[in-house]
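# Remarks on the overall topology
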Amino acid sequence: MYRSQNCGELRIADVNKEVTLAGWVQKSRDKGFMIWVDLRDRYGITQLIFDEARTEARVMQLAKSLGREFVIQVKGTVIERESKNNNIPTGEIEVLVSELTILNEAQLPPFTIEDETDGGEDIRMKYRYLDIRRNPVKNSLLFRHKVAQEVRNYLSNLDFCEVETPYLIKSTPEGARDFVVPSRMNPGQFYALPQSPQTFKQLLMVAGMDRYFQIVKCFRDEDLRADRQPEFTQIDCEMSFIEQEDILNVFEGLTRHLLKKIHNIDIQKFPRMTFDEAMRTYGNDKPDIRFGMKFGELNAIAQHKEFGVFNSAELVVGIAVPGAASYTRKEIDALIDWVKRPQVGASGMVYVKCEASGQYKSSVDKFYDQADLAKWAEATGAKEGDLILVLSGPANKTRAQLSALRMELGNRMGLRKPEEFSPLWVVDFPLLEWDEETERYHAMHHPFTSPKPEDMHLLDTDPGKVRANAYDLVLNGNEIGGGSIRIHDKEMQALMFKHLGFTPEQAQEQFGFLMNAFQYGAPPHGGLAFGLDRLVAILGGQETIRDFIAFPKNNSGRDVMIDAPAPVDQAQLEELSLALALKA
Ligand code: ASP
């Protein structure tokens, strides 16, 4: 038996017990006649004591050779500590060692295995197995496990069945590039790794499984934006014989369950907002509603004077920054510079100070009088003491810029509190999205999403206006998940592919299997997927998902620990019939 207890278990009530412990040497203090060692494992730290007066000389000698991160086993007696440590649960006791076995020696680790380490990101990733020994990372993994387990409990209780779907598949278009895997047995042919199990879960509905879920890896070969991983995990779900309302209720319930179990927070009904409203009031389809600063559109009240910049703009829109009328000229200029940075891209910004005296002072006093500015204050909800900031230009761009400013101010002013959780549903997404580059419509969610029946008639005349039965769950300014009611009719699916620019032959070749399946009794169905990595990070009060992934890739998509991706040798290429392809 390697151990009778773990390193986090022993308490004052265990005094006088004979125990065997095993773990890693966190640190040791050698006073000559006495040596203390902090022994660590996943469960905690227990102090060991070697005492010349009570421990055999042979054991004493061996204890002096212990280095950091040595793996050892000790036998000994639990005794009460003289100087207690109230910071750790085992702090009232120590183990007086009688026997010591070195199970494995260790080289000096390249960074300190402590909560606050001296190791930078790169070195910690290279030695991730050492990084995981540190509490913050280890606890994140345990936390992720807990969330995943609660998800499984909740969904299993509602009759969802976890079904595994294949990883070696044919491409599923979800807007990103596929990772491809060459097939040795089928020269010149490739599998694709799933961007999501979308078509498979729909086939499971045709198969009558009724309620499916899977905690599943998905793969997307996207240009890596900050805090994205090429492989990530979804909580993927699908249900039959349901309407949008049923899905929102089930997954609102799941989210509520998680907030309750993990943070003991009760959240009542989640607010709902249409995509249009989210864009108009927050300039964003994933608004952070933990704080205000809602957009006020000013076109009607700002385009009647001589101010050409506003008059020629598609949209004039502002927000009221609470308490910011006291900003100095310098502070306001800094904000103007901030929105003019290329990352934001505004060409300028107008401001109005709503002074305590009831007076308005603005950068456009030349054009607008007090009565005009009072209307702006009303439209943006500005009170005395607030600062109104106004941007103008093409509607979509201007909304995105003002949204970036709003989020930045929210951060700076401490309004995005990690311990506060404000979920909401964004519903009625557009079905299609115009792509400037390819000059055609793309499915905003994916091609299997059903248009709203009442908007169907617009498909031919005004496709951009067609709304979908598609929804996103947003939490604290992050899209946690999204899904839709699906098309379950072959003709309708074929029509959708036509609108997306597929010829009937292309549609048949790529998705014939799905459309054929729809001919064999496909039930009405729909579903959604949550991003587990982000959900866990937000529930854990952190912004970055990397800490919650055991072996993440870096910003260039590399695993620096195993050094992947890497070239393969010529023989392997030949076997895969890739050698010629490369030469050609
Ligand atoms: N497959 C979709 C996604 O990955 C989710 C869904 O529609 O259920 O975003």
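For the structure, check the block above.
Here we summarise the structure given alongside this text. Note that the structure is a prediction, hence the values are computed from the model and not measured. (Residues numbered from 1 in each chain as written. Predicted model: local features only at pLDDT ≥ 70, side-chain atom pairs only at ≥ 80, totals over all residues. Heavy atoms only, no water.)

## A short note on the packing of helix α10 (residues 329–340) against helix α12 (residues 395–412)
- Closest axis-to-axis distance for the α10/α12 pair is 10 Å, and the angle between their directions is 130 degrees. Relative to α12, the element α10 is oriented oblique. The way α10 lies across α12 gives a crossing that is right-handed. Contacts between α10 and α12 involve L335, W338 and V339 on the former and, on the latter, A404, L405, E408, L409 and R412.
- Residue composition of the contact of α10 with α12, grouped by class: 6 nonpolar, no polar and 2 charged. (Axes fitted to C-alpha atoms, helices over the stretch in contact; angles between N-to-C directions. Helix = DSSP H or I, 4+ residues; strand = E, 2+ residues; numbered from the N terminus. Parallel < 35°, antiparallel > 145°, perpendicular 65-115°, else oblique. Left-handed = near helix turned anticlockwise from the far one by under 90°. Contact = heavy atoms within 4.5 Å. Nonpolar A, V, L, I, M, F, W, Y, C, P; charged D, E, K, R; others polar.)

## Considerations on the site of the ligand
- Inspection of the region around the ligand gives 14 residues, with Q198, K201, Q234, H445 and R486 positioned closest.
- In this structure, Q198 approaches the ligand through a side-chain N or O atom, which is 2.7 Å from a nitrogen atom.
- Its free accessible area being 270 Å², the ligand has 92% of it covered by the protein chains.
- Taken together, the elements giving at least two residues each to the shell around the ligand come down to α5 (198–206), β21 (478–485) and β22 (525–531).
- Looking at the shell around the ligand, the element that brings in the most residues is β22, giving 3 residues. (Near = heavy atom within 4 Å. Polar contact = N/O pair within 3.5 Å; in protein donor to acceptor, adjacent residues only side chain to side chain. Areas by Shrake-Rupley, 256 points an atom, 1.4 Å probe, with all protein chains shown as cover.)

## With respect to helix α14 (residues 490–499)
- Those residues of α14 not exposed but buried are M492, Q493, M496 and F497. Along the axis of α14, the buried residues cluster in a sector spanning 140 degrees; they form a single face. Those residues of α14 that are exposed and angled more than 90 degrees off the buried face are E491 and K498.
- The residue sitting at the N-terminus of α14 and contributing the capping side-chain oxygen is D489; that oxygen lies 3.2 Å from the backbone nitrogen of E491.
- Positive backbone phi, approximately 90 degrees, marks G501, located one or two places after α14. (Buried < 20%, exposed > 50% of the residue type's maximum accessible area, 1.4 Å probe, protein only. Arc of directions from axis to C-beta.)

## Regarding unusual backbone geometry
- Between A564 and the following residue, P565, the backbone shows a cis peptide bond with an omega angle of 0 degrees.
- In this structure, P565 sits in the loop between α16 (532–539) and α17 (570–575).
- We note that N16 has phi near 80 degrees; this positive angle belongs to a residue other than glycine.
- Mapped onto the elements, N16 comes out in the segment before β1 (18–30).
- Accessibility expressed as a relative area gives 60% for N16, which makes it exposed.

## Side note on the pairing of strand β10 (residues 231–240)
- Among the 10 residues in β10, 9 count as buried, and that is most of the element.
- Across 7 bridges, β10 lies against β22 in antiparallel orientation. From the neighbouring strand, E238 faces β22, where its bridge partner is G527. (Pairing = 2+ DSSP bridges.)

## Quick notes on the pattern of salt bridges
- Within the structure shown, the criterion is met by 41 salt bridges.
- R128 serves as the salt-bridge partner of D131, at 2.8 Å between the closest nitrogen and oxygen. Of this pair, D131 and R128 both sit in helix α3 (residues 128–131), separated by 3 residues, roughly a single helical turn.
- When salt bridges that share partners are traced, they join E121, R124, R128, D131, R134 and R546 into one network. (Salt bridge = Lys/Arg side-chain N within 4 Å of Asp/Glu carboxyl O.)

## Digging into a negative patch on the surface
- Taken together, the side chains of E114, D115, E116 and D118 make up a negatively charged region of the molecular surface.
- You can see D118 is positioned in the loop between β5 (93–104) and α2 (121–126). (Patch = residues over 30% accessible without salt bridge, like charges linked within 9 Å, V, L, I, M, F, W, Y side chains within 5 Å. Lys, Arg positive; Asp, Glu negative; His and termini not counted. Charge placed at Lys NZ, Arg CZ, Asp CG, Glu CD.)

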